[in-house]
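Given next are the chains, with one letter for each unit.
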Amino acid sequence: MGLFGAIKAFFALRKNLAKELEAIREREARYPAMTTDELAALDDEELFEAVNVRTENKVDSFEELTEGFHSLNDSQKVFYALNWLEMEVNNGGLCQFFVNSSRVAAPFVSEYMGVVGADAHKKLFDEFIQKNNINVTELSFFDIEKIEEFEEKAESYPFDDYDEAYYEMEPLETYLKKYIRKHVADF
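Residues numbered from 1 in each chain as written. Predicted model: local features only at pLDDT ≥ 70, side-chain atom pairs only at ≥ 80, totals over all residues. Heavy atoms only, no water.

Asker: Can you walk me through helix α7 (residues 109-116) in this structure?
Answerer: Residues lying three or four places apart along an α-helix face the same way, a consequence of the helix completing one turn every 3.6 residues. Listed in full, the buried residues belonging to α7 are Val109, Ser110, Tyr112, Met113 and Val116. For α7, the arc enclosing every buried residue in end-on projection is 165 degrees, short of the 170-degree limit, so these residues lie on one face. Buried residues along α7 sit against α4 (65-71), α5 (74-92), α6 (94-99), α8 (119-131), α10 (159-167) and α11 (172-182). One or two steps after α7, the chain reaches Gly117, where phi turns positive at roughly 85 degrees. (Buried < 20%, exposed > 50% of the residue type's maximum accessible area, 1.4 Å probe, protein only. Helix = DSSP H or I, 4+ residues; strand = E, 2+ residues; numbered from the N terminus. Arc of directions from axis to C-beta. Contact = heavy atoms within 4.5 Å.)

Asker: Would you explain the packing of α5 against α10 in this entry?
Answerer: A pair of packed helices is characterised by two quantities: the angle between their axes and the separation of those axes. Contact geometry for α5 and α10: axes closest at 10 Å, N-to-C directions at 110 degrees. The orientation of α5 with respect to α10, classified from their angle, is roughly perpendicular. In this structure, the crossing between α5 and α10 has a hand that is left-handed. Here α5 contributes Glu86, Val89 and Asn90 to the contact with α10, which in turn contributes Tyr162, Asp163, Tyr166 and Tyr167. (Axes fitted to C-alpha atoms, helices over the stretch in contact; angles between N-to-C directions. Parallel < 35°, antiparallel > 145°, perpendicular 65-115°, else oblique. Left-handed = near helix turned anticlockwise from the far one by under 90°.)

Asker: Even after reading the chapter, I still don't get the packing of aromatic side chains, so can you show me in this structure?
Answerer: The description of two aromatic rings rests on the distance between their centres and on the angle between their planes. Under the criterion given, the structure shown has 18 aromatic pairs. With 5.8 Å between their ring centres and 15 degrees between their planes, Phe108 and Tyr112 make a pair best called stacked. Measuring from ring centre to ring centre gives 5.7 Å for Tyr157 and Phe159, while their planes differ by 75 degrees; the resulting arrangement is edge-to-face. By relative accessible area, which is 21% here, Tyr157 ends up partly exposed. (Phe/Tyr/Trp six-rings, centres within 6.5 Å; stacked < 30°, edge-to-face > 60°.)

Asker: What is the right way to look at unusual backbone geometry in this model?
Answerer: The general pattern is negative phi for most residues beyond glycine and trans for most peptide bonds. The phi dihedral of Asn133 is positive, around 50 degrees, even though this residue is not glycine. Positionally, Asn133 belongs in the loop between α8 and α9 (148-154).

Asker: Please explain the side chain of Glu86 as it appears in this structure.
Answerer: With respect to the helices and strands, Glu86 occurs in helix α5. Here Glu86 is buried and forms no salt bridge, its nearest opposite-charge partner Lys177 lying at an N-O distance of 9.2 Å. Each residue touching Glu86, except ones within four places of it in the same chain, is listed here: Tyr166, Pro171, Leu172 and Glu173. (Lys, Arg positive; Asp, Glu negative; His and termini not counted. Salt bridge = Lys/Arg side-chain N within 4 Å of Asp/Glu carboxyl O.)

Asker: Got a minute to help me understand the pattern of salt bridges in this structure?
Answerer: Evaluation of the coordinates by the stated rule reveals ten salt bridges. When the shortest N-O distance is used, the salt bridge between Arg181 and Asp44 registers 2.8 Å. With a gap of 137 residues between them, Arg181 in helix α11 and Asp44 in helix α3 (residues 44-60) connect regions that are remote in the sequence. Note on Asp44: relative accessible area 38%, which makes it partly exposed. Glu45 is the partner of Lys177 in a salt bridge, and the nearest nitrogen-oxygen pair spans 2.1 Å. Remark: Glu45 occurs in helix α3 and Lys177 occurs in helix α11; sequence separation between them is 132 residues.

As far as function goes, none of this settles anything; it's purely spatial.
And the structure:
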């Protein structure tokens, strides 16, 4: 493939990506107005996506994340807390979960892992918290003002050990999909 072919392929890829992003935006725009029956008819992947959009929209409608989190019903809180934990750990590790605003859900993570049946995750989390004397209801130690401070916090505890063990487990998303399906009326 010559330069012209590469440029042509790039623009075709860009066009396809733009179409896919537009399709995602259109789907996401539909989710908030869907009925329980419409949600229940979605496949697990799209139902997960719909619940994520609906829950995030509800939380984001509040000025403060804490207020938004506490406005959720019990099923939504389970989803929100564990979904954010999963995203943060997969993106930057457990330390990132504690540093970011998502930590508002930290006091509930262990309980919610039990609720969805993620017993191995719960054990790993509980043991890490206990061994390292981390109080999940008071995480001000993890407040940072500069990105450079993140590394200092990450080195304060054996987060790499936790993260590596976590990555070997079944994704929490698997448990959340089953949980959502059982509680679809709550979303």
